[in-house]
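# Structural overview
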Amino acid sequence: MIKVNTDDYPWQSGMTVRNLLDEKVFTFRHIIVRVNGEYVPEEEYENHVIQDGDDVIVLHLMAGG
Amino acid sequence: MGAILKEYRYTPAKIERGYSGKSLYINVADLRIEEKEVTDFMKEKFTGGKGFDLWYLWNAVTPQTRWNSPENEIVISVGPLGGITQYSGTGKSLVCSISPLTDIPIDSNAGGYFGPLLKFSGWDAFELQGKAEKELLIFIDGNNGLIEIEEAEEYPDDAHLLAEELTRKYARDEDDMVNVSVVCTGSAAKHGYMGLLNFSFYDPRRKVVRFKQAARGGLGTVLNDKKIKALVVKYKGVTPNLNNAADISTINKVGVKYHKQMHDLDSKQNAMRQIGTANTVMIMSQYDLLPTRNFQTGGDPEVVNISPEVFINEWLTQGLHDGCWYGCTMSCAKCADHFLLTTGPYAGDRVTVDGPEYECVAGLGSNLGIFDPQAILEENFYCDTYGIDLISFATCTAFIMECYQRGQITREQMGGLDLRFGNSDAVLELLHQMSRGEGFGRLAGLGIRNLKKIFVEDFGADPQLLEDIGMEVKGLEYSEYAHKESLAQQGGFAMATKGPQHDEAWLIFMDMVNKQIPTFEDKANALYYFPMFRTWFGLVGLCKLPWNDIVPADNHKTDSPAKVPEHVQNYVDIFNAVTGQQIDKDELILQSERVYQFQRVFSVRMGKGERADDYAPYRSLGPVSREEYLSRQELYDQQLRDLQGLDPENMHLDEKIARTRSYREDQYEQLMDAVYRRRGWTSNGIPTPERLKEIGMDLPELLEVIKPKL
Amino acid sequence: MKVLTHKQELCIGCLDCEVACSQTYFKTNDRNYSAIRILENNKTYRARNCTQCGECIDMCTANAIYRDRNGVVRIDKKKCVGCLGCVGFCSELVMFYADDLEVPFKCIACNICSNACPTGALEVLISQVKEN
């Protein structure tokens, strides 16, 4: 089990940040991803593998109106 | 054209550190013109812009004043940073008056050239009071120190014709057109309460007059009631430092840094330069947040037909400067050129449509079940030229459509208009009726609060259902964001002082997606900081969008990326550089809070600023109908389990709806308590004398209003 | 259109071009007021000056930038409001400004620096106009 934006979320072995974003349908481009507090740049989304128990934050910087 | 009724000569005050030091007062009943001092007291307590507007308005009215009383005023002010050219979004005026929809003060912001040119003509603020006998036009010539009041019956009513004619009238030649700006409404302002003010600016590349709007609250209805056809200002000679800033070097440096950031990053972030605010339409739909069919759901598969790409590729001219004041490289006021109108009095004409903004695509589009970009653009055009606030019109029409869908009103009662969701022909016909004051158009512009009463009393509609689905608070319609699952945004809308406009707070993603504000205290802190920060812009002449619709490349490394700290610092630096003061980020919030609390007390004074006025219709808080519950069943059933320990498997749908409702309504009450505490209000929503004293606003006139309510 | 070009192999980094430019237009011997800047890297010299690309024309917030009859990009001082948007937007970083000037400035291919250059490294050439 991992945490995504403080909620529990099922973990799958080998899931990357990109996999997670696709599953959650987090399509907004203007995001900041941190895994266990470490910033993951966009270039790394395909490569960064999420481990069981990781704490993932996907901060959407939505300006709104 | 018309007879000149009055001429007034004056010596335009020189601007020092962002202030001319003078405000203009005109009474259109007796044509009295006065020059008033802008005092140190005003600058200290109210800063400028909306602050000055509200102060003058407070002194003009009594608690008995209604929107159409002669003593009601329209006040316009741009603020000390207004008119600088070096940063983006520096031409915003704020306008205040008592609103026909809410009966309390409304404040509304608009771009365009009027505000800065007004200040350069020597006026920090402009008060209009009284009601004229015949329609008037007021012209301010800031180069020659001349004010003319002219009879104006012969001029056209609709904005796109009126402003073009007036701009040409006062400009010497083509190059002079940019030096003229017009404030006017449109024909529909004669017939409803949601009339807006258009603020013009001339586009020298397209060679057309264009508009931004001070749209919310019915200011155009007030302008028409006062029989003022238009306000015109002319000032030639805009230079980089007309504000006589204390430190032009800092302004230049910060400006160049910001422009470079815009050049490098906008296309990778929000593409404001290509599409403007409508860039969020697809995202909102993908996150189930695009208001659809009167806020019933959060999106629709057909939204793809009104996506940003469709507008960029097929309708909006690309690559030209589209800022609504000099220096704005965010350049987000996109438009559709040579657009062929197919309905109404201008059918067959090709026009420039200013938009669509996000609110237009969401409001006149998905919230009405319309997914046709051409129809949306035509609706946008007619709202602007007829002078109709398209947010109020969209949310009110969505309400009408749902009432019709649910059999609460009949087609006959709408004069034969088939106003069902998706029928853009009927929507356009309704707009034309509003312009002519005919048919159902006479009722449609009165707003949801008045329509609820009429539908119940005259058409026998179900009062509880209408209360639940009529999206208004304090009489003002909601702006176009679906927020049923965001308690923070529910509070941000319903507890906003003027009514549910999102200028105070936009917390939906922070709350629902990022889950950054889980507790009541977190939400209350957000509903303190963000309204204070976001309303500061209106005191000083700035647009909010450049603050966070683009962020620096390293913003993600900061402690609080949602606040965009580097941009907040830019604003502090520019404020100090113009005014010569030495404020910091905390003082900025304090400046804003002074006016914020003043506006709340002003609303209390006018009869609508207490707890009872801060409640939301249930459509804002949760699922009203079975279809709404079923559209998010998994989520709602899970919440019954997790939050209330109930077993949804063994509950009837109506019981699940009722239990969800009672839970959410209780949550909202608890949020109110937390927010009121944080804002320094009593449990009845009244600002306390202690809080007012803390921020230096314990003025005797404010204490007099709140004392009996404590 | 006319464009000022620079040959690295001839440049000796004397900066006479900068002096000539700033002296002519702003009556001061100060490279911050020169529309050509010579950058040194390990004894080789590169010039930065406007290439007349014209990117600034459409983005100018006052519609003050245009091409003259020689295709040279110019700022109309009567229209410019000193917003410095062009300075921030110039991809080549060759639109310059100073705090005591009302409008930004740039190379206008006037030949004053090329005439002052002792080695012939600078030359104004005619090249194809980019349509804007």
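Rules behind the numbers
Residues numbered from 1 in each chain as written. Chains lettered and ligands numbered in written order. Predicted model: local features only at pLDDT ≥ 70, side-chain atom pairs only at ≥ 80, totals over all residues. Helix = DSSP H or I, 4+ residues; strand = E, 2+ residues; numbered from the N terminus. Rg over C-alpha atoms; globule rule 2.2 N^0.38 Å. Buried ≥ 20, exposed ≤ 12 C-beta atoms within 10 Å, placed from the backbone. Contact = placed C-beta atoms within 7 Å. Nonpolar A, V, L, I, M, F, W, Y, C, P; charged D, E, K, R; others polar. Axes fitted to C-alpha atoms, helices over the stretch in contact; angles between N-to-C directions. Parallel < 35°, antiparallel > 145°, perpendicular 65-115°, else oblique. Left-handed = near helix turned anticlockwise from the far one by under 90°. Core = buried A, V, L, I, M, F, W, Y, C linked by C-beta atoms within 7 Å. Domains from an automatic or database assignment. Pairing = 2+ DSSP bridges.

## A closer look at the overall build of chain A
When helices and strands are counted, chain A shows one helix and five strands. Moving toward the C terminus, one meets the helices and strands of chain A in the order β-β-α-β-β-β. Against the compact-globule benchmark of 11 Å for 65 residues, chain A has a radius of gyration of 11 Å, which places it among compact chains. Its C-alpha atoms give chain A principal-axis dimensions of about 40 × 25 × 20 Å. Counting across all 65 residues of chain A, residues that qualify as buried make up 26%. Of all intrachain contacts in chain A linking residues separated by at least 6 positions in sequence, the fraction that spans at least 24 positions is 65%.

## Comments concerning the overall build of chain B
The helix and strand tally for chain B stands at 28 helices and 17 strands. Compactness check: chain B gives a C-alpha radius of gyration of 24 Å against a globular reference of 27 Å for 710 residues, within 12% of the reference. Seen along its three principal axes, the alpha-carbon backbone of chain B occupies a region of about 80 × 55 × 55 Å. For chain B, buried positions account for 60% of its 710 residues.

## Focus: the interface of chain C and chain B
In this complex, chain C contributes 17 residues to the contact, which on the side of chain B involves 24 residues. Those elements giving two or more residues to the side of chain C that touches chain B turn out to be helix H2 (55-59) and helix H3 (85-89) of chain C. Top element by residues in the side of chain C that touches chain B is H3(C). It accounts for four residues. Residues of the side of chain C that touches chain B, tallied by class, amount to nine nonpolar, five polar and three charged.

## A closer look at the arrangement of the chains
The structure contains two pairs of chains in contact, of which chains B and C account for the largest number of contacts. Considering only C-alpha positions, the minimal separation of the non-contacting chain A and chain C is 22 Å.

## Some thoughts on the packing of helix H25 (residues 633-644) of chain B against helix H26 (residues 653-679) of chain B
Describing two packed helices takes the angle between their axes plus the distance from one axis to the other. Residue and element names in this part refer to chain B. At a minimum axis separation of 11 Å, H25 and H26 run at an interaxial angle of 55°. The orientation of H25 relative to H26 falls into the category oblique. Helix-helix and strand crossings are classified by hand; for H25 and H26 the assignment is left-handed. Contact with H25, carried on its side by Tyr636, Leu640, Leu643 and Gln644, involves Lys656, Arg659, Thr660 and Tyr663 of H26 and no other residues of that element.

## Here's the deal with the environment of Lys43(B)
Inspection of the secondary structure assignment puts Lys43(B) in helix H1 (residues 40-46). Ignoring anything within four residues of it in the chain, the contact list for Lys43(B) reads Tyr19(B) and Val38(B).

## Re the environment of Asn19(A)
Residue and element names in this part refer to chain A. Among the secondary structure elements, Asn19 is positioned in helix H1 (residues 17-23). The class of Asn19 is partly exposed, set by 15 C-beta atoms lying within 10 Å. Separated by 11 residues in sequence, Asn19 and Asp8 place their C-alpha atoms 16 Å apart.

## Things to note about the interface of chain B and chain A
Contacts between chain B and chain A engage 20 residues on the former and 16 residues on the latter. Going through the elements one at a time, helix H8 (281-286) and helix H18 (508-513) of chain B are the ones with two or more residues in the side of chain B that touches chain A. Broken down by element, the residue count for the side of chain B that touches chain A peaks at three residues, all from H18(B). Among the residues forming the side of chain B that touches chain A, the class breakdown is 10 nonpolar, eight polar and two charged.

## Let's talk about the nonpolar core
Residue and element names in this part refer to chain B. Within the largest apolar cluster, 278 residues are counted, with the highest numbers of intra-cluster contacts made by Val95, Ile138, Ala230, Val232, Val281 and Ile388. With 11 residues, helix H12 (residues 390-405) is the largest single contributor of residues to this core. Sequence-distant contacts of Ile138, defined by excluding residues within four places in its chain, comprise Ile26, Ile147, Ile149, Ile228 and Leu231.

## Remarks on the domain arrangement of chain B
Residue and element names in this part refer to chain B. Segmentation of chain B into domains returns domain 1 (4-234), domain 2 (248-477) and domain 3 (487-709). Facing 27 residues of domain 2, the contacting portion of domain 3 comprises 30 residues. Those elements that place two or more of their residues in the side of domain 2 that touches domain 3 are helix H6 (248-265) and helix H16 (463-469). With seven residues, the top contributor of residues to the side of domain 2 that touches domain 3 is H6. Split into classes, the residues belonging to the side of domain 2 that touches domain 3 amount to 15 nonpolar, eight polar and four charged.

## Observations regarding the sheet that holds strand S1 (residues 2-4) of chain A
Two pairing modes exist for strands in a sheet, parallel and antiparallel, and in both the strands are linked by backbone hydrogen bonds. Residue and element names in this part refer to chain A. A sheet is described by the order of its strands in space; here five strands give the open sequence S2-S1-S5-S3-S4, paired in mixed fashion. Both outer strands of the open sheet, strand S2 (7-9) and strand S4 (38-40), are each paired with one neighbouring strand and no more. In this sheet, adjacent strand axes meet at a mean angle of 30° when their direction is disregarded. Taken together, the three bridges between strand S3 (residues 31-35) and S4 define a ladder with antiparallel strand orientation.

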